[in-house]
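Summary of structural features
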Amino acid sequence: YALDHHVDTLTEDHRRAQTFRNRLEKSGINFPRPTQTNIVLITSSQAVEDVKSLAEHGVRVFNLGSDTIRAVFHRDVTDEDLEQAIQVFEAVLTR
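First things first, this report covers the structure right here in the doc. Just so it is clear, the model here is predicted, and its values are computed rather than measured.

What to know about the nonpolar core
- Counting 23 residues, the largest nonpolar core has Phe 20, Ile 42, Leu 54, Ile 69 and Phe 89 as the members making the most contacts within it.
- Residue assignment for this core shows that the elements contributing at least two residues are helix 2 (7-26), strand 1 (39-43), helix 3 (47-56), strand 3 (68-72) and helix 4 (79-93).
- No other element matches helix 4, which puts seven residues into this core.
- Once residues lying within four places of it in the same chain are set aside, the contact partners of Phe 20 are Val 40, Ile 42, Ala 71, Phe 73, Leu 82, Ala 85, Ile 86 and Phe 89.

Here we look at the packing of helix 2 against helix 4
- Helix 4 packs onto helix 2 with a crossing angle of 25° between their chain directions and a minimal axis gap of 10 Å. Viewed along their axes, helix 2 and helix 4 adopt a mutual orientation that is roughly parallel. For the pair helix 2 and helix 4, the sense of crossing is right-handed. Contacts from Arg 15, Arg 16, Thr 19, Phe 20, Arg 23 and Leu 24 of helix 2 reach helix 4 at Asp 79, Leu 82, Glu 83, Ala 85, Ile 86, Phe 89 and Glu 90.
- Its residues assigned to classes, the contact of helix 2 with helix 4 comprises six nonpolar, one polar and six charged.

Side note on helix 4
- For helix 4, built from 15 residues, the straight-helix expectation of 21 Å at 1.5 Å per residue is met to within 8% by its first-to-last C-alpha distance of 21 Å.
- Within helix 4, burial applies to Leu 82, Ala 85, Ile 86, Val 88, Phe 89, Val 92 and Leu 93.
- At its buried positions, helix 4 is contacted by helix 2, strand 1, helix 3 and strand 3.

A word on the packing of helix 3 against helix 4
- Contact geometry for helix 3 and helix 4: axes closest at 10 Å, N-to-C directions at 135°. In terms of orientation, helix 3 and helix 4 fall into the oblique class. Along this stretch, helix 3 crosses helix 4, giving a crossing that reads as right-handed. Between helix 3 and helix 4, the residues in contact are Asp 50, Ser 53 and Leu 54 and Val 88, Phe 89, Val 92 and Leu 93, respectively.
- When grouped by side-chain class, the residues that make up the contact of helix 3 with helix 4 number five nonpolar, one polar and one charged.

Calculation criteria
Residues numbered from 1 in each chain as written. Predicted model: local features only at pLDDT ≥ 70, side-chain atom pairs only at ≥ 80, totals over all residues. Heavy atoms only, no water. Core = buried A, V, L, I, M, F, W, Y, C linked by side-chain atoms within 4.5 Å. Buried < 20%, exposed > 50% of the residue type's maximum accessible area, 1.4 Å probe, protein only. Helix = DSSP H or I, 4+ residues; strand = E, 2+ residues; numbered from the N terminus. Contact = heavy atoms within 4.5 Å. Axes fitted to C-alpha atoms, helices over the stretch in contact; angles between N-to-C directions. Parallel < 35°, antiparallel > 145°, perpendicular 65-115°, else oblique. Left-handed = near helix turned anticlockwise from the far one by under 90°. Nonpolar A, V, L, I, M, F, W, Y, C, P; charged D, E, K, R; others polar. Expected span 1.5 Å × (residues − 1).

In structure tokens, the structure reads:
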């Protein structure tokens, strides 16, 4: 759908995803593979629990199994949302 209707915002989505990753890497958070699109996979030893904690702080993401979190940046995610997500991820994943 996005490729047909929102191509103009994909560049911003990719920029936000890369910014998210770069900032979290500086906090010691790990990633299982490169980030090349608007989808970011984050390594977590307790992904199910972390996804619940992130949701309690307003950050909606999904777990992929027990050791990976999936975050997706899309046209409804603003730079302010990005900053909030970074702060919440740092608080939850580096505790």
